[in-house]
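Below are the chains, spelled out letter by letter.
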Amino acid sequence: TTSHTHTCKWCRERLQAEAMESSAAGTTAFEGPEKVLEVWFLPICKSKGGGSSSSPRLLLQKDDRKSGLRAVEKKVWERMLALVKCQILSVIGNEYLDAYLLSESSMFVYPRQVVLKTCGTTTLLNAVPELLKIARSIGLGVEDVFYNRQNYFFPEKQLHPHRSFADEVKALDTYFTNGAAYIVGKLNGNHWNFYNAERKQNVGEEVNQEEDVTFELLMTGLNPKLMKPFYYDSKLTPAQATKVSGIADLFPSAIIDDYVFEPFGYSMNGLVKDGYFTIHVTPQKSCSFVSFETNIVLLDYTELAEKVLKCFEPKRFILTLMGNEPSMAKLKKLDGPRVKQGLDVGKLCQNGFDVADDIQLKFQHYSLVFLALDRANARVKNKKEESLLLKATKSETEKGYS
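Basis of the calculations
Residues numbered from 1 in each chain as written. Predicted model: local features only at pLDDT ≥ 70, side-chain atom pairs only at ≥ 80, totals over all residues. Heavy atoms only, no water. Buried < 20%, exposed > 50% of the residue type's maximum accessible area, 1.4 Å probe, protein only. Helix = DSSP H or I, 4+ residues; strand = E, 2+ residues; numbered from the N terminus. Arc of directions from axis to C-beta. Contact = heavy atoms within 4.5 Å. Phe/Tyr/Trp six-rings, centres within 6.5 Å; stacked < 30°, edge-to-face > 60°. Lys NZ or Arg CZ within 6 Å of the ring centre and 35° of its normal. Core = buried A, V, L, I, M, F, W, Y, C linked by side-chain atoms within 4.5 Å. Polar contact = N/O pair within 3.5 Å; in protein donor to acceptor, adjacent residues only side chain to side chain. Salt bridge = Lys/Arg side-chain N within 4 Å of Asp/Glu carboxyl O. Pairing = 2+ DSSP bridges. Axes fitted to C-alpha atoms, helices over the stretch in contact; angles between N-to-C directions. Parallel < 35°, antiparallel > 145°, perpendicular 65-115°, else oblique. Left-handed = near helix turned anticlockwise from the far one by under 90°. Nonpolar A, V, L, I, M, F, W, Y, C, P; charged D, E, K, R; others polar. Disulfide = S-S within 2.5 Å.

A. Main features of helix α3 (residues 74-82). Residues V76, W77, M80 and L81 constitute the buried set of α3. Along the axis of α3, the buried positions cluster into a sector of 135°, meaning they face one direction only. In α3, the exposed residues that point more than 90 degrees away from the buried face are R79 and A82. Packed against the buried residues of α3 are β3 (88-93), β4 (98-102), β5 (105-110), β6 (113-118) and α4 (128-137).

B. Molecular detail of the environment of F289. Along the chain, F289 falls in strand β14 (residues 289-294). According to the relative accessible area criterion, F289 is buried, its value standing at 1%. Measuring from C-alpha to C-alpha, the distance between F289 and F30 comes to 9.5 Å, with 259 residues separating the pair along the chain.

C. Fine view of the packing of aromatic side chains. Applying the stated criterion across every chain, the model contains 18 aromatic pairs. With a centroid separation of 5.1 Å and 55° between ring planes, the pair formed by F230 and Y266 is classed as tilted. Here F230, found in the loop between β10 (213-220) and α6 (238-244), pairs with Y266, found in strand β12 (residues 266-272); they are 36 residues apart in sequence, far enough to count as distant. You'll find F230 and Y266 in the same group, each marked buried. An aromatic cluster of at least three residues, connected via ring pairs, comprises F146, Y182, W192, F194, F363 and Y366. Positioned above the aromatic ring of Y152 is the side chain of R149, whose terminal nitrogen or guanidinium carbon lies 3.7 Å from the ring centre.

D. View of the environment of F146. Structurally, F146 can be placed in strand β7 (residues 140-150). Between the C-alpha atoms of F146 and V115, which are 31 residues apart in sequence, the distance is 9.3 Å. The residues touching F146, leaving out its near neighbours within four places in the chain, are V36, L37, E38, W40, F194, Y195, N196, M322 and Y366.

E. How the structure looks around the nonpolar core. Ranked by internal contacts, the top residues of the largest apolar core, which has 43 residues, are F215, L217, M219, F251, I279, F292 and F312. Ranked by residues supplied to this core, first place goes to helix α7 (residues 302-312) with six residues. Setting aside its immediate chain neighbours within four residues, F292 contacts F215, E216, L217, M219, L250, F251, F277, T278, I279, L304 and V308. Core analysis: the next-biggest nonpolar cluster, separate from the first, contains 39 residues, V76, A127, L140 and L172 among them.

F. Highlighting the side chain of R149. Within the secondary structure, R149 sits in strand β7. The buried category is assigned to R149, whose relative accessible area is 1%. Among the polar contacts listed, one links the side chain of R149 to the side chain of E168, at a separation of 2.8 Å.

G. The arrangement of the pattern of salt bridges in detail. Enumeration over the complete set of coordinates arrives at 12 salt bridges. For E303, the salt bridge identified is with K307, shortest N-O distance 3.6 Å. With E303 and K307 both in helix α7, this residue pair falls four residues apart, about one helical turn. A cluster of three or more residues bridged by salt bridges with shared partners is formed by E34, K117 and E293.

H. Region of the structure containing the pairing of strand β11 (residues 255-260). The element β11 is largely enclosed, with a buried count of five among its six residues. As judged from the six bridges shared by β11 and β12, these two strands associate in the antiparallel manner. Note that in β12 the partner of Y259 across the bridge is S267. Connecting β11 to the antiparallel partner β12 that follows it, the hairpin turn spans five residues, and G265 within it adopts a positive phi of roughly 115°.

I. View of the sheet that holds strand β8 (residues 180-185). Pairing is antiparallel in the open sheet, where eight strands are placed in the order β3-β4-β5-β6-β2-β7-β9-β8. Among the strands making up the open sheet, the edge pair consists of β3 and β8. Taken pair by pair, the neighbouring strands of this sheet meet at an average axis angle of 15°, ignoring direction. By the bridge criterion, seven bridges tie β7 to strand β9 (residues 191-198) in an arrangement that is antiparallel.

J. Representation of the packing of α3 against α4. Orientation of α3 relative to α4, taken along the N-to-C sense of each, is 155°, at an axis distance of 9 Å. Taken as axis vectors, α3 and α4 run roughly antiparallel relative to one another. Crossing handedness for the pair α3 and α4: right-handed. Mapping the contact onto sequence places V76, W77 and M80 in α3 and E130, L131 and I134 in α4. Tallied by class, residues from the contact of α3 with α4 come to five nonpolar, no polar and one charged.

K. Fine view of the environment of E306. Here E306 shows up in helix α7. Here the alpha-carbon distance between E306 and N351, two residues 45 residues apart in the chain, equals 8.9 Å. Ignoring sequence-local partners within four residues, the contact set of E306 consists of K347, L348 and N351.

L. Main features of the state of the cysteines. Within this structure, the stated rule accounts for zero disulfides. The closest cysteine sulfur to the non-disulfide-bonded C86 is located on C119, 8.7 Å from its own sulfur.

These figures come from the coordinates and say nothing about function on their own.
Shown next as structure tokens:
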């Protein structure tokens, strides 16, 4: 386990400046929901017009820690992340992947896959040209692209090209072909923006048959009584915060890298064999938010969802389960009135939640399950929070999606 007992000078100064600015304005306004970019690569093959890449077999051997994108030096990633406006705090790895804990969320690097997620006012999409350049330098071309994020709470604070989903789609379309954008869920409530592109020029024809699944919980309206571990306390180590919050019990065998920010905020990455899980907490009552994400393949995600929800007790959350055909085919077929493959929605509702949205989508090689659940009494007791959400969604939707 790698733990960090204090923030780096850059993070501390930035967070303290944000806290002072928010205090002067009489509110705390940090954008917890992350922008998430996932890109899969394949070796660039010889095209009909000639030309070739370096040997893909040397780059992509799974038993070589330094193969493919994992061979990229840390300083190269640091230059790319500077365009995003975030820094690397620490790195852990195993025989399958490397997990970078960032000043704003996380990055995961496999030999031919990168997952980058950043929160706040970071400019994630500014990294795309550099990421593609890095990949080309080691003989890799794009196979699949996924970009997603929940709706912003403070869209007016975002920087170009993240001021609206329409702007993000326009930026993505300049980098990738065959792009398609979707908004899943209610526009006047919490929803999920999703973009997918698949490009096959000069890339091998085979479809990715590796198991690929992502399970995500995006939680708001957190129980303030459970947020104490996520406020900086010199007497409480990050490892203790991870343990007392219940996060350490989600995957007991995981290698964990955790960080408590000063004055508040928490991030962690965990590795379990060839999978990862990551949690990022914004504990302030006025904008409380937690994201949980994992690509660990399970037969049933119900128990994991219940454990995560118990750690934070949100008033509402979005659940997404997205996977390709090999991974979704492995999900357990459950019995009951309100079940999906690999997920018992009825059990989640036993904790006082109502289903606000239940949507399923099928893409070319992937399927998506989207659920939005609210506590039955959440809307009645939180008119101010609902008003803030409606104002934020209206601000973003007025900018258009064309």
